[in-house]
Amino acid sequence: MERCFRSAGLATGNGSAPGMSPGSSSVAERTMEHVTEGSWESLPVPLHPQVLSVLRELRFPYMTPVQSATIPLFMKNKDVAAEAVTGSGKTLAFVIPIVEILLRREEKLKKSQVGAIIITPTRELAVQIEEVLSHFTKPFPQFSQILWIGGRNPGEDVARFKELGGILVCTDVMARGIDIPEVNWVLQYDPPSNASAFVHRCGRTARIGHGGSALVFLLPMEESYINFLAINQKCPLQEMKLQNTTADLLPKLKAMALADRAVFEKGMKAFVSYIQAYAKHECNLIFRLKDLDFASLARGFALLRMPKMPELRGKQFPDFVPVDVNTDTIPFKDKIREKQRQKQLLEQQRKEKTENDGRRKFIKNKAWSKQKAKKEKKKKLNEKRKREEGSDMEDEDMEELLNDTRLLKKFKKGKITEEEFEKGLLTSGKRSTNTADLEISDLEDDC
Ligand SMILES: Nc1ncnc2c1ncn2[C@@H]1O[C@H](COP(=O)(O)OP(=O)(O)OP(=O)(O)O)[C@@H](O)[C@H]1O
C-alpha cells in the first residue's frame, strides 16, 4: 500500500572530523580545504590563541561558510539571524563568538552574573550544545556553564547511542540540530507536520563530509507531496520500488498483542498518535485525514480492535475484522503490572457500585422521589414552555429558582448537609418547591 521515496543526492561536500571529538583523520581536513571560506586565522578579528588551539585539537582548520559569514558580524556586536543547511556548522558559528565576546569584556563578569543564555527548542539539543560549548570554556577557568533542562537528562541516552550505535527510534525532538555524525539512513514513517521539518529530519544523515540516505513512506493519495517538496524545499525525491520479499510480520505482532497487554496498548497508542499527528500536517490539502484508510492503518499497526477516539466516531470499518476476544481480559505479561491492573479494576468496580447505590437510595428515600420528580418534571416542562412563549416569571422568581438549583447541586455533591439544604430552601423564599423542577439527571448534565 505504501510507497517509499528517497531524498536524492544527500551528501555534503564539506569534509569533517566526526563529531566534536579530536583525533580524526587528515583526509577530512584536506576535503575541507576545497569547500570552506578560509582558515580561522583569516578572520578579520583574531580569535583568542586558546580558542584556536581548541579548534586545532578538534581538527577543524577551516571555517564552514556559515561560520565565516557570521563570526565577523557577531564580533562587531551585530544582531545576526542565520539560516544555513543542516549540518553546516551553525553551532560553532555562535559558540565561538560567545566565548570571544565574553573574553573581550573590559569589566570582568561578577560572581553569579550571566554572560550568555543559549535557548534551544529541545532538551536533546541543549545537551549537545552544552557539550560543544564545554570544549571552549574548559581552557578558561573564569567561565562556568550550566545546563538547565526539565525532566530526565536525555544526554545520557544520546551519548550511549553515539557510543554503541544501532538503530535510534525517536520522535521529532531529534529532528533538529542533533549531530550524530555517521547516521546512514533516516526513515520517516510518516512525513512531518511541515516541509521544512522534512529537510531537518533528513539532515540527521549526510552530516559534513558524510553521505547518507533518507526514506519517506507515502500513500498513493499522498504522492503530490513529492512535487510539493521539489518546489517548496528544492528537495527532489526518487521512488524506491517495494521489495516483495518482505515477511508478513502482522500475524506475529497480533499474537504478541494477544499475549501481552503492554504490546496491545502500545499498538493502540501508536495508532492514535499517528492519526492525531496526521491531523496536524500543515499540508492538509495533501494529507487529508478524511481520506485516510483507517482500516488498513489499523491492520498495519496489528490492532486487535479499533480504538475509541473522536476522529473515528460514527465511522464504520467493514475492512477491519476485530479479533473475537474481549480485549479487557488481555493480561500484562509483567506480573506486577497485571496485579496493579487487577487492583485498579476492582477499585473501579467498587466505586461504580457505591455511586449507583447512593443514587438509588437518594431517589427512593428523599422527597424528590422518582414519582414526585416525574410530576415535577412535567410541571417544569410546562413552565419552560410558558417561559419560552413569553415568561410570566418575575426576575425575583427566576433568581430564587436558580438559587434553589444551586443548593440542590451542592447537596447532591455532598458539599452541604440535608439540614443546610432545607434551611437554604426556606430562606430562599416562596418558590422553594421549584427545586424539584429539576430531575437528578438534569442536574448531572449540568455538573
Ligand atoms: N569548521 C568545521 N570543520 C569541520 N567540521 C565542523 C566545523 N564546524 C562544525 N563541524 C562539525 O560539523 C558537524 C555539524 O555541525 P552542527 O551540528 O553545528 O551543524 P548545524 O548547522 O547546527 O546542523 P543542524 O542544522 O542539523 O542543527 C558537527 O559534527 C561539527 O563538529
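Residues numbered from 1 in each chain as written. Predicted model: local features only at pLDDT ≥ 70, side-chain atom pairs only at ≥ 80, totals over all residues. Heavy atoms only, no water.

- The name an unreviewed UniProt entry gives the chain is ATP-dependent RNA helicase, with Cervus elaphus hippelaphus as the organism.
- Per UniProt, the comment on the chain under Catalytic activity (unreviewed entry) is "ATP + H2O = ADP + phosphate + H(+)".
- Looking at the chain in UniProt, the text filed under Function (unreviewed entry) is "RNA helicase." (UniProt positions renumbered as here; feature names shortened; annotations may be inferred.)

**Here we look at the overall build of the chain**
Turning to step 1, where the next piece is worked out: Looking only at helices and strands, one finds 16 helices and 4 strands in the chain.
Turning to step 2, where the next piece is worked out: Of all 447 residues assigned to the chain, the portion counted as buried reaches 37%.
Turning to step 3, where the next piece is worked out: Roughly 28,500 Å² of accessible area belongs to the chain as shown, and the carbon and sulfur atoms make up 54% of that amount. (Helix = DSSP H or I, 4+ residues; strand = E, 2+ residues; numbered from the N terminus. Buried < 20%, exposed > 50% of the residue type's maximum accessible area, 1.4 Å probe, protein only. Areas by Shrake-Rupley, 256 points an atom, 1.4 Å probe, with all protein chains shown as cover.)

**Comments concerning a nonpolar patch on the surface**
Turning to step 1, where the next piece is worked out: A cluster of nonpolar side chains, V114, I117 and I119, forms an exposed patch at the surface whose accessible area comes to about 380 Å².
Turning to step 2, where the next piece is worked out: On the basis of relative accessible area, I117 is assigned to the exposed category, the value being 67%. (Patch = residues over 30% accessible without salt bridge, like charges linked within 9 Å, V, L, I, M, F, W, Y side chains within 5 Å. Salt bridge = Lys/Arg side-chain N within 4 Å of Asp/Glu carboxyl O.)

**Focus on the site of the ligand**
Turning to step 1, where the next piece is worked out: Around the ligand sit 22 residues, and of these G87, K90, T91, D179 and R204 come closest.
Turning to step 2, where the next piece is worked out: Within the side chain of Q67, a nitrogen or oxygen atom sits 2.8 Å from a nitrogen atom of the ligand.
Turning to step 3, where the next piece is worked out: Residues of the shell around the ligand, tallied by class, amount to 8 nonpolar, 10 polar and 4 charged. (Near = heavy atom within 4 Å. Polar contact = N/O pair within 3.5 Å; in protein donor to acceptor, adjacent residues only side chain to side chain. Nonpolar A, V, L, I, M, F, W, Y, C, P; charged D, E, K, R; others polar.)

**Section: the packing of aromatic side chains**
Turning to step 1, where the next piece is worked out: Counted according to the given criterion, the structure contains 12 aromatic pairs.
Turning to step 2, where the next piece is worked out: Both rings, one in Y189 and one in Y274, keep their centres 5.7 Å apart while their planes meet at 70°; by these two values the pair is edge-to-face. Here Y274 lies in helix 10 (residues 261-278) and Y189 lies in the loop between strand 2 (185-188) and helix 7 (195-202), a separation of 85 residues in the sequence.
Turning to step 3, where the next piece is worked out: A relative accessible area of 40% places Y189 in the partly exposed class.
Turning to step 4, where the next piece is worked out: You can call Y274 buried: its relative accessible area is 7%.
Turning to step 5, where the next piece is worked out: Three or more aromatic residues link up through ring pairs in this structure, and these residues are Y189, F198, F217, Y225, F228, F271, Y274, Y278, F287 and F301. (Phe/Tyr/Trp six-rings, centres within 6.5 Å; stacked < 30°, edge-to-face > 60°.)

**A look at helix 3 (residues 65-75)**
Turning to step 1, where the next piece is worked out: Summarising burial for helix 3: 8 of the 11 residues are buried, a large majority.
Turning to step 2, where the next piece is worked out: Among all positions of helix 3, only V66, Q67, S68, T70, I71, P72, F74 and M75 are buried.
Turning to step 3, where the next piece is worked out: Taken together, the buried residues of helix 3 touch helix 4 (90-104). (Contact = heavy atoms within 4.5 Å.)

**Comments concerning the environment of M174**
Turning to step 1, where the next piece is worked out: Positionally, M174 belongs in the loop between helix 6 (155-164) and strand 2.
Turning to step 2, where the next piece is worked out: Exposure remark for M174: the relative accessible area of 11% places this residue in the buried category.
Turning to step 3, where the next piece is worked out: As for M174 and V158, which are separated by 16 residues in sequence, their C-alpha atoms are 9.7 Å apart.
Turning to step 4, where the next piece is worked out: Those residues in contact with M174 that lie beyond four places of it in its chain are E124, V158, L168 and R204.

**A look at the side chain of Q188**
Turning to step 1, where the next piece is worked out: Checked against the element boundaries, Q188 lands in strand 2.
Turning to step 2, where the next piece is worked out: Dropping the residues within four chain positions of it, Q188 is found in contact with F198, R201, C202, L215, V216 and F217.

**Observations regarding the packing of helix 3 against helix 4**
The angle between the axes and the distance between the axes are what describe a pair of packed helices.
Turning to step 1, where the next piece is worked out: Two elements in contact, helix 3 and helix 4, have axes whose closest approach is 9 Å; the angle formed by their N-to-C orientations is 25°. Our classification of the angle between helix 3 and helix 4 gives roughly parallel. Judged by the sense of rotation from one axis to the other, the crossing of helix 3 with helix 4 is right-handed. Across the interface between the two elements, V66, Q67, T70, I71, F74 and M75 of helix 3 pack against K90, L92, A93, F94, I96, P97, E100, I101 and R104 of helix 4. (Axes fitted to C-alpha atoms, helices over the stretch in contact; angles between N-to-C directions. Parallel < 35°, antiparallel > 145°, perpendicular 65-115°, else oblique. Left-handed = near helix turned anticlockwise from the far one by under 90°.)

**Brief notes about the nonpolar core**
Turning to step 1, where the next piece is worked out: F198, Y225, F271, I275, M306 and L312 are the most contacted members of the largest nonpolar core, which has 43 residues in total.
Turning to step 2, where the next piece is worked out: Secondary-structure elements contributing two or more residues to this core are helix 6, helix 7, strand 3 (213-218), helix 8 (224-232), helix 10 and helix 11 (294-300).
Turning to step 3, where the next piece is worked out: Discounting residues that sit within four places of it in the chain, M306 has contacts with M268, F271, F294, A295, A298, L312, F317 and F320. (Core = buried A, V, L, I, M, F, W, Y, C linked by side-chain atoms within 4.5 Å.)

**A short note on the packing of helix 9 (residues 250-259) against helix 10**
Turning to step 1, where the next piece is worked out: Interaxial distance between helix 9 and helix 10 falls to 5 Å at its minimum, and their mutual angle equals 120°. As the angle between them shows, helix 9 and helix 10 are arranged oblique. Between helix 9 and helix 10 lies a crossing whose hand is left-handed. Each of L253, M256, A257 and A259 in helix 9 lies in contact with helix 10, whose residues at this interface are R261, V263 and F264.
Turning to step 2, where the next piece is worked out: Residues that form the contact of helix 9 with helix 10 fall into these classes: 6 nonpolar, no polar and 1 charged.

**Quick notes on the environment of V85**
Turning to step 1, where the next piece is worked out: One can find V85 in the loop between helix 3 and helix 4.
Turning to step 2, where the next piece is worked out: On a C-alpha basis, the gap between V85 and V199 in space is 8.9 Å, while along the polypeptide they are 114 residues apart.

**Digging into the confidence of the model for the chain**
Turning to step 1, where the next piece is worked out: With 80% of its residues at a pLDDT of 70 or more, the chain has an overall mean of 81.
Turning to step 2, where the next piece is worked out: Averaged pLDDT values for the elements of the chain fall to 31 in helix 16 (residues 440-446) and rise to 97 in helix 2 (residues 49-57).
Turning to step 3, where the next piece is worked out: Below a pLDDT of 50 lies the segment residues 6-35, which in the model reaches 81 contacts outside its immediate sequence neighbourhood of four places, other chains included.
Turning to step 4, where the next piece is worked out: Contacts from residues 429-447, a stretch scored under 50 in pLDDT, to residues over four places away or in other chains number 43 contacts.
Turning to step 5, where the next piece is worked out: For this predicted complex, the interface confidence comes out at an ipTM of 0.98, alongside a pTM of 0.57. (pLDDT = per-residue confidence, 0-100.)

**Describing a positive patch on the surface**
Turning to step 1, where the next piece is worked out: A cluster of like positive charges, contributed by R406, K410, K413 and K415, occupies part of the molecular surface.
Turning to step 2, where the next piece is worked out: Relative to the helices and strands, K410 is located in helix 14 (residues 395-412).
Turning to step 3, where the next piece is worked out: A residue is classified by how much of its surface remains accessible, and K410, at 43% relative accessible area, is partly exposed. (Lys, Arg positive; Asp, Glu negative; His and termini not counted. Charge placed at Lys NZ, Arg CZ, Asp CG, Glu CD.)

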